[in-house]
Amino acid sequence: MTDRRDGKRPAAFSATRRQVLKSSAGWYGLTGLGLTSPFSFATSAGAEAATSVAGAAEKVIWSSCTVNCGSRCALRMHVEDGMIRWVETDNTGTDAYGEHQLRACLRGRSMRKRVHHPDRLKYPMKRVGRRGEGKFERISWEEALDTIATSLQSTLDTYGNEAVYIQYGTGVTGGNFTRSSHQASLTTRFMNCLGGFLAAHGNYSTAQIAEGISYTYGGWTTGNSPSDMANTKLVVMFGNNPAETRMSGCGVVYHDAEALARSNARVIVIDPRYTDSAGGREDEWIPIRPGTDAALVAGIAHVLIKENMVDQEFLDRYCVGYDAKTLPEGAPRNGHYKAYILGQGPDGIEKTPEWASEITAIPVDRIVKLAREIGMAKPCCITQGWGPQRHVNGEIMARAIAMLPILTGNVGINGGGTGAREGSYTMPVKRLPLGENKAKAVIPVFMWTDAITRGTEMTALRDGVRGKDKLDVPIKFIWNYASNTLVNQHSDINKTAETLGDDTKCEMIVVIENFMTASAKFADILLPDLLMAEQIDLIPNGSAGNMGYVILADTAAEPAFECRSIYDILTGVAERMGIREAFTEGRTQEEWIEYLYEETRQMNSDIEMPEFEEMREIGVVKRPDPRGHYVALKEFRDDPEANPLKTPSGKIEIYSERLANLAATWELPPGDVIDPLPIHVSTIRGWNSEERRTYPLQLTGYHAKSRTHSTYGNIEALEAASPQEVWINPIDATPRGIANGDLVRVFNAEGETRLNAKVTPRIMPGVTAMGEGAWHVADSAGIDHGGSVNVLTTQHPSPLAKGNPQHTNLVNVQKVM
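Residues numbered from 1 in each chain as written. Predicted model: local features only at pLDDT ≥ 70, side-chain atom pairs only at ≥ 80, totals over all residues. Heavy atoms only, no water.

**Details of the state of the cysteines**
- A complete count under the given rule lists 0 disulfides for this structure.
- Free cysteine: Cys-319, not disulfide-bonded; nearest cysteine sulfur from Cys-380 at 16 Å. (Disulfide = S-S within 2.5 Å.)

Written out as structure tokens, the structure reads:
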């Protein structure tokens, strides 16, 4: 092999078709994303030409971008004199459809700007002002680690393990060591060596859909692979926006584009915002009021039933609760889905297109036409992104959208799907063992602030506590690693800041970060972390369609200043607490990675992966999905008796007896609804809420292209390319005297933020939108000037998962004079 440090292009290493294909089905890959458009692509020849300019003194080292965009992209760092001079991405292979390059988007390609950013945290620090004030003084690593160990031991001795909480975070995602997951990080392993910690279920991205759709299908369910769109006739996307949420060459957007080019399928995008996934590539955009997707589904179902376009044979054999024939014995006689749609259920309201139109703001004739298109297209692929479920009624809305492929019999077939988001293949990769969490209590991940303020009052029946009937202690110690969820990404920032500001409640907050984020300002001990480019890790693919791969990311830049890796930090604390050997098992970080890589080689022995040192030169190994197109629930569809689902009935449960029991026993706030059927539910802060008299505009969030959540939020070049703005329709802007580019205040009872307006017909009237993740920058009056959407969001959780409702908001917008 050529030396990876000489600047020459490496040979491709990819499993051959013969090595991995176990059936006659084909597989599809993707080419990498270009720099100007989510659907434009550069050639591998261009990548090779760019590589050829490397100077003789330049080293080229493989690394990765591991932020939480869903992808894990390969980066090639060009290093000279210890500095990353420029960054390119994967240039291996033919880059043909089926063996594509794992090209990073502009965010990953700006990694150099993060590594060498002048605002990097440089030294360990301790708080000297009020918590949240952002005043710190430099301390030694010895003092920092001693303080943490002493405080943690005191917390364990005084309150027990369940008083220690690992903060949800996704600042680094996917690696073995660079992984900030609250469920599977190095901090998880560390605390398990001490007996455990207060765990959390769910996450901020998918809590509602993961919980809700599991009652329908019996567990977490994806749709078919994106390449399978090549087999469909019609694609209907509910709030699914891969061009902005999966925009890299390691994501799914190119799979979508190539598959649709092969199928020539009609594409309909249903979204309040005309997203880049539409952007002229769709056949039709149907704007819809946020939070009303279930009403649209009900109106469509009415047409399907009335015009005899449901797949009755499928519903009879594979489903429970569509009509009286398959309704469980204990359910009310009129408790089935068909009765609900036809107005024969408990509410007595017929879910006609006229009824749905009033709620959704979609014209009646368009609902009827959409229903007929869905009913007549065989097969039809219906997907939903994770935006629709991020509402107060998110669980039931996710279940409702899944009803469309169920009613039409499109589940378990090529060209169809489950109504969930597209599925992806993941190459088997050995993970760092985490140990056992012996603490029993588990809280909803979104309700950690409640666990600080009213911990012992939190119960299973009211607050979704699992493992125990109630919490025994409040949170007293927080680990916050690579996470801005402590403040910036959590709802109602002002309320959160008030909670954290009282250091008699949560007594110690340890933040391990790269920059002085809004969350870092609330640390008691603030530690400077390494970036991915400054350490070694083994990175599996994320949401990559049909292309599995693994990246061996090496150390491209020496650690800056006094920054240390999370592994070294926790090893230092472990030494002080007498668990060093249990935590490290005698291995350094590099030795762990070599061990995990060798285990990964054994897991993939059929493709003869290179040895460790050779892999450091190659950087990436690709393994296409051996199944070809992945079809979700295919085995169930082929033989439901031999391959039952994990629901109590073994079938698709349109009517869920478990949900009926929860609805009867859980204590819910007024207005919250759990129902055995996927019905439409109005919510607080919804389109028909009384609060609209004061705050007349709905506000929803979206994933901004210039950031991944809040990561990369301080890279000026990215912000200039895609600035933070509030989208507002001209119909709403004109009477307010707002012109495009004007500085406006967006406000409600929770807070106020100021940013520029984007006046555009790409957002429907009555609705506004802001990219989530902008850095919170408050003045002395508490007014945010960073465009942070979470000064406007609520901490009212969803009913079932107790999940993140950050798309359910009402605001007003005024021009700043």
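**Remarks on the pattern of salt bridges**
- Going through the model one piece at a time under the given rule, you end up with 51 salt bridges.
- Where Asp-524 meets Arg-131, a salt bridge forms, and the shortest distance between an N and an O atom there is 2.6 Å. One end of the pair, Asp-524, is in the loop between strand 15 (508-513) and strand 16 (525-528); the other, Arg-131, is in the loop between strand 4 (125-127) and strand 5 (136-138), and 393 residues separate them in sequence.
- Judged by its relative accessible area of 8%, Asp-524 falls in the buried class.
- Here Arg-131 falls in the buried class, since its relative accessible area comes to 5%.
- Of the charged contacts in the structure, one is a salt bridge between Arg-273 and Glu-244, with a shortest N-O distance of 3.1 Å. In this pair, Arg-273 is assigned in the loop between strand 9 (266-270) and strand 10 (284-286) and Glu-244 in helix 8 (residues 242-245), connecting sequence segments 29 residues apart.
- Owing to a relative accessible area of 4%, Glu-244 belongs among the buried residues under this scheme.
- Residues participating in the shared-partner salt-bridge network are Asp-450, Arg-454, Arg-462, Asp-463 and Glu-667. (Salt bridge = Lys/Arg side-chain N within 4 Å of Asp/Glu carboxyl O. Helix = DSSP H or I, 4+ residues; strand = E, 2+ residues; numbered from the N terminus. Buried < 20%, exposed > 50% of the residue type's maximum accessible area, 1.4 Å probe, protein only.)

**Section: the nonpolar core**
- Counting 65 residues, the largest nonpolar core has Tyr-337 and Ile-406 as its most contacted members.
- For this core, the leading source of residues is helix 10 (residues 293-306), giving 9 residues.
- Discounting chain neighbours no more than four positions away, the residues touching Tyr-337 are Val-297, Ala-301, Gly-321, Tyr-322, Met-403, Leu-407, Ile-654, Leu-677 and Pro-678.
- Of all hydrophobic cores here, the second largest spans 52 residues; its members include Ile-148, Phe-190, Ala-199 and Leu-596. (Core = buried A, V, L, I, M, F, W, Y, C linked by side-chain atoms within 4.5 Å. Contact = heavy atoms within 4.5 Å.)

**Focus on the sheet that holds strand 2 (residues 73-80)**
- Taking strand neighbours across the sheet as the criterion, the 3 strands line up as 1-2-3 in an open arrangement whose pairing is antiparallel. At either end of the open sheet lies a strand with only one pairing partner, and these are strand 1 (59-65) and strand 3 (83-89). Sheet twist, expressed as the average angle between the axes of neighbouring strands with direction ignored, equals 35 degrees.
- Summarising the sheet, strand 1 and strand 2 pair through 7 bridges and their orientation is antiparallel. Counterpart to Val-60 in the pairing with strand 2 is His-78. (Pairing = 2+ DSSP bridges. Axes fitted to C-alpha atoms, helices over the stretch in contact; angles between N-to-C directions.)

**Topic: the environment of Ile-349**
- Considering the arrangement of structural elements, one finds Ile-349 in the loop between helix 12 (337-341) and helix 13 (353-360).
- For Ile-349 and Ala-339, which are 10 residues apart along the polypeptide, the C-alpha to C-alpha distance reads 9.8 Å.
- If near-sequence neighbours (up to four positions away) are discounted, Ile-349 is found in contact with Tyr-340, Ile-341, Gly-343 and Trp-355.

So far we have only geometry, and geometry alone does not tell us how the molecule works.
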